[in-house]
Amino acid sequence: MQNLINIQDFSNSVVAGDWAPAFRDAIAASIAGGNGGVFVPADAAPYTVQKPGQLLPSIDLRGDGTHPVTNFTLMGEGYGSVIKMSGSGVGGSWFMIHVGGHASGITIRDLFLDGDKAGLTCLDTQTHLIRIGGSVHIAGGADNVKILNCTLARSYGDGVAIA
């Protein structure tokens, strides 16, 4: 492993089974500490993520608009590292993972991404597992993005949407 922070070290940020705040905190800690990214170990239960709010992804790799995310890896251990969407899309776009904001050198690997299409509510057609590109609030696309050995299942929209 390449100096990755373990998501389970942020389990105290999980709120009512929602791992999205833990991912937010782990990503911020990894960037602040100069680490290479976040490791999602295999676990018997999926890491469920909910929509944090309007126009917000569950796992945000867009930076803050001024400081892009660069040379970052989100990595699991294959089929046992399941990240699963859960809850309501609140009637708008929802992305499990969003890469943008001039991000560069991003690798997403060895994960099972579950869109749980039948279990979600209040979705629109712009509900995707991974979105690569700009957004309304944070300008700029992404380059040098790699998605390796991932399984993308039961997505309401696209598995990977490139904007």
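This text follows the structure it describes.
From a predicted model like this one, the values you see are computed outputs, not experimental measurements.

About the criteria used
Residues numbered from 1 in each chain as written. Predicted model: local features only at pLDDT ≥ 70, side-chain atom pairs only at ≥ 80, totals over all residues. Heavy atoms only, no water. Pairing = 2+ DSSP bridges. Helix = DSSP H or I, 4+ residues; strand = E, 2+ residues; numbered from the N terminus. Axes fitted to C-alpha atoms, helices over the stretch in contact; angles between N-to-C directions. Salt bridge = Lys/Arg side-chain N within 4 Å of Asp/Glu carboxyl O. Buried < 20%, exposed > 50% of the residue type's maximum accessible area, 1.4 Å probe, protein only. 1 Å grid on protein atoms, 1.4 Å probe; cavity = no way out; pocket = protein on both sides within 12 Å on 5 of 7 lines; lining within 4 Å. Points joined across faces, edges and corners; volume = space filled by probe spheres on them. Nonpolar A, V, L, I, M, F, W, Y, C, P; charged D, E, K, R; others polar.

**Student:** I'm lost on the sheet that holds strand S12 (residues 151-153) in this one. Help?
**Tutor:** One key point about sheets: their strands pair by backbone hydrogen bonds, in either a parallel or an antiparallel sense. Overall, parallel pairing links the four strands, which are arranged S3-S6-S9-S12 in an open sheet. Both outer strands of the open sheet, strand S3 (47-49) and S12, are each paired with one neighbouring strand and no more. Pairwise comparison of adjacent strand axes, ignoring direction, gives a mean angle of 15° for this sheet. Pairing of strand S6 (residues 82-85) with strand S9 (residues 112-114) involves three bridges; the strand directions are parallel. Bridge pairing in S9 links Lys-84 to Asp-114.

**Student:** Please explain the pattern of salt bridges as it appears in this structure.
**Tutor:** Note that side chains of opposite charge can pair when their charged atoms are close. Taken as a whole, this structure holds five salt bridges when the rule is applied. With its nearest N and O atoms 3.2 Å apart, the salt bridge here joins Asp-25 to Arg-24. Judged by its relative accessible area of 25%, Asp-25 is partly exposed. Residue classification places Arg-24 among the exposed positions, given a relative accessible area of 52%. Between Asp-60 and Arg-62 there is a salt bridge, with its nearest N and O atoms 2.8 Å apart. On the accessibility criterion, Arg-62 (3% relative accessible area) is buried. Three or more residues joined by partner-sharing salt bridges are found here, namely Asp-114, Asp-116 and Arg-154.

**Student:** Sorry, what's going on with the layout of surface pockets here?
**Tutor:** Taking a probe equal in size to a water molecule and rolling it over the atoms shows the remaining empty space. Taken as a whole, the largest pocket encloses approximately 350 Å³ of empty space. Every residue lining the largest pocket is counted, 16 residues in all, and those nearest its centre are Arg-24, Ile-27, Ala-28, Asp-60 and Gly-63. In terms of residue count, helix H1 (residues 20-32) provides more of the lining of the largest pocket than any other element does, six residues in total. When grouped by side-chain class, the residues that make up the lining of the largest pocket number ten nonpolar, three polar and three charged.

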